Amino acid sequence: MNPFWPQGYPIEVRSVGPVPHTLCWRGDEHRIDYLSARWRVHTRWWTAREVWRDYWEVATGSGYLCVLYRDLLHDDWYLERVYE
């Protein structure tokens with residue numbers, strides 16, 4: 001079973017500009033070795049529940065394939081899915 005958090009799991013991410021470089025998950029730091037995909041979601045802008053995010057599909061040096069996103073409204077990072 002691969003962990004999936006539809007609302008996101010808060011994580012710490014170090015980035016170089018907008019590009020994620022390392023992420024901290026389960027108390028460990030994981031270096032991002034490969035960026036597979038990037039896409040932006042901006043929806044519900046006409047409501048009080050606006051969503052504006054940059055999504056990243058990344059592979060780490062420790063063997064994880066992750067989907068993470070940065071909430072552009074609050075400048076917070078979240079983990080959405082981990083493939084172990």
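In the block above lies the structure referred to throughout.
What counts as what
- Residues numbered from 1 in each chain as written.
- Predicted model: local features only at pLDDT ≥ 70, side-chain atom pairs only at ≥ 80, totals over all residues.
- Heavy atoms only, no water.
- Helix = DSSP H or I, 4+ residues; strand = E, 2+ residues; numbered from the N terminus.
- Salt bridge = Lys/Arg side-chain N within 4 Å of Asp/Glu carboxyl O.
- Buried < 20%, exposed > 50% of the residue type's maximum accessible area, 1.4 Å probe, protein only.
- Lys, Arg positive; Asp, Glu negative; His and termini not counted.
- Contact = heavy atoms within 4.5 Å.

Caption draft 1: Here's a closer look at the environment of Ala59. Here Ala59 shows up in strand 4 (residues 51-60). Separated by 24 residues in the primary sequence, Ala59 and Tyr83 place their C-alpha atoms 9.5 Å from one another.

Caption draft 2: Structural detail: the pattern of salt bridges. Counting across every chain of the model gives six salt bridges. Measuring nitrogen to oxygen at the nearest pair gives 2.3 Å for the salt bridge that ties Glu29 to Arg14. Here Glu29 is found in strand 3 (residues 28-43), whereas its partner Arg14 is found in strand 1 (residues 4-16), with 15 residues between them in sequence. Relative accessible area serves as the criterion here: at 40%, Arg14 is assigned to the partly exposed category. Taken together, the salt bridges that share partners define one network made up of Glu12, Arg14 and Glu29.

Caption draft 3: View of unusual backbone geometry. You will see that Arg26, though not glycine, has its phi angle at about 55°, which is positive. Relative to the helices and strands, Arg26 is located in the loop between strand 2 (19-25) and strand 3. Phi is positive for Asp75, which is not a glycine, with a value near 60°. Summarising the element assignment, Asp75 is placed in the loop between strand 5 (65-71) and strand 6 (76-83). Taking relative accessible area as the criterion, Asp75 reaches 47% and is therefore assigned partly exposed.

Caption draft 4: Quick peek at the side chain of Arg53. Structurally, the position occupied by Arg53 is in strand 4. No salt bridge is formed by the buried Arg53; its nearest oppositely charged neighbour, Glu80, is found at 4.9 Å. Once residues lying within four places of it in the same chain are set aside, the contact partners of Arg53 are Trp39, Arg40, Val41, Tyr69, Arg70, Asp71 and Leu72.

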